[in-house]
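A structural walkthrough
As a plain string of letters, each chain reads:
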Amino acid sequence: MAPSQDPLFAGLGQAIRVGTDLLAALIVGGFLGWLIDTYVFDSAPWAMVIGLFLGLGAGIRNAYRTAQRWKT
Amino acid sequence: MDNPLHPFELHPLVPLSLFGLDISINKAVLVMWIVVALVLILFIRARSSGSLIPTKLQSLAEMLVDFIRGIIEDTMGKDGMRYFPLISALFLFILFCNLVGLIPGSYTVTSQLVVTGVFAVSVYALSVIIGFSVHGAKFLGVLVPPGTPGWLIPLMIPIELISQLARPISLAVRLFANMTAGHVILGVLFGLTIAGGVLIGWLPFAFTVALYALELGIAFIQAYIFTVLTCVYMGDAIHPH
């Protein structure tokens, strides 16, 4: 068995992945919203709020997509 | 006690500048060269023995190559082997950077956000380029997952856009944060050992030893995750959905 198929090892890798995936999408969403607030529309803080919610959705979507790849 | 972030500071050893750009050689650059030399020496030595019954070094090299091939075939399929040189170079460089960084007095190159960021952004940019060159404008279809009802499309496009943009960031931050945090914890615990003296210092020292073993595992797992995600993103670009 190749070590990349070792269930413990692969499981640990996937666990570390999901956490950062959730967080990174939230940060990107909030940052994009903040950019729109500051440089495009002067609509603070609404674009950032919407961006954070979209980022939350994207993070959950990312985690969901990662989970779909898991082989049972 | 020393500031635990002190080991991450970089000072130029050989000040150099090229057209106003600061290209001074510092400890991180030096360690990167050492890492490249180590990987080269390992594989040249392993190759030169080339016997049917592998030597220790040769079996180590064969194990690493087999491991990388396993990752590529699991995530990208057989046609992913085209990218084997890139993926293996990335994996070996990150793995050896993480491991060399654990030697006391050395420097962890991957604890610099610049290094991990450049890797993550270029890997992600490459996957986008591959996607557009294989599928043309149809590659924009990754922004709409299959089976999305029409009324959800205006919501799904920004969400997918954010989740795409989050990829290089999570890739860079994961490696950087894990390496930095591990070394800060080791630094703090070892500082406590010295501050504690003989009477109580053995307790933080025991933790230092235990965490050092954990960090060895983390060094390997982080290199593995970075490589797997590189393969996943490239695989997504070759076969979207």
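A quick note: this is a predicted structure, and the numbers were derived from the prediction, not measured.

Another aspect to go through is the packing of aromatic side chains. The way to describe two aromatic rings as a pair is by their centre distance and the angle between their planes. Residue and element names in this part refer to chain B. Within the structure shown, the criterion is met by 10 aromatic pairs over all chains. Aromatic side chains Phe-67 and Tyr-224 sit 5.7 Å apart centroid to centroid with 40° between the ring planes, which places their arrangement in the tilted category. Of the two residues, Phe-67 is situated in helix 2 (residues 56–76) and Tyr-224 in helix 6 (residues 202–238); the sequence distance between them amounts to 157 residues. The class of Tyr-224 is buried, set by a relative accessible area of 8%. The interplanar angle of 75° and the centroid separation of 5.6 Å between the aromatic rings of Phe-93 and Phe-119 together place this pair among those described as edge-to-face. Here Phe-119 lies in helix 4 (residues 113–135) and Phe-93 lies in helix 3 (residues 84–101), a separation of 26 residues in the sequence. In this pair, the class of Phe-93 matches that of Phe-119, namely buried. Grouping aromatic residues by their ring pairs yields a cluster made of Phe-67, Phe-91, Phe-220 and Tyr-224.

What follows is about the packing of helix 3 of chain B against helix 4 of chain B. All names here are of chain B. Contact geometry of helix 3 with helix 4 gives a least axis separation of 13 Å together with a crossing angle of 165°. On the basis of the axis angle, helix 3 is roughly antiparallel to helix 4. Crossing geometry of helix 3 relative to helix 4 is assigned as left-handed. The residues of helix 4 that touch helix 3, namely those facing Leu-86, Leu-90, Phe-93 and Ile-94, are Phe-119, Val-123 and Leu-126. Residue composition of the contact of helix 3 with helix 4, by class: seven nonpolar, no polar and no charged.

Next up on the list: the nonpolar core. Counting residues in hydrophobic clusters, the biggest one holds 51 residues, and the most contacted among them are Val-35, Phe-91, Tyr-224 and Phe-226 of chain B. Only helix 1 (7–41) of chain A together with helix 1 (27–49), helix 2, helix 3, helix 4, helix 5 (153–200) and helix 6 of chain B provide two or more residues apiece to this core. Considering each element in turn, this core owes the most residues, 13 residues, to helix 6 of chain B.

Rules behind the numbers
Residues numbered from 1 in each chain as written. Chains lettered and ligands numbered in written order. Predicted model: local features only at pLDDT ≥ 70, side-chain atom pairs only at ≥ 80, totals over all residues. Heavy atoms only, no water. Phe/Tyr/Trp six-rings, centres within 6.5 Å; stacked < 30°, edge-to-face > 60°. Helix = DSSP H or I, 4+ residues; strand = E, 2+ residues; numbered from the N terminus. Buried < 20%, exposed > 50% of the residue type's maximum accessible area, 1.4 Å probe, protein only. Axes fitted to C-alpha atoms, helices over the stretch in contact; angles between N-to-C directions. Parallel < 35°, antiparallel > 145°, perpendicular 65-115°, else oblique. Left-handed = near helix turned anticlockwise from the far one by under 90°. Contact = heavy atoms within 4.5 Å. Nonpolar A, V, L, I, M, F, W, Y, C, P; charged D, E, K, R; others polar. Core = buried A, V, L, I, M, F, W, Y, C linked by side-chain atoms within 4.5 Å.

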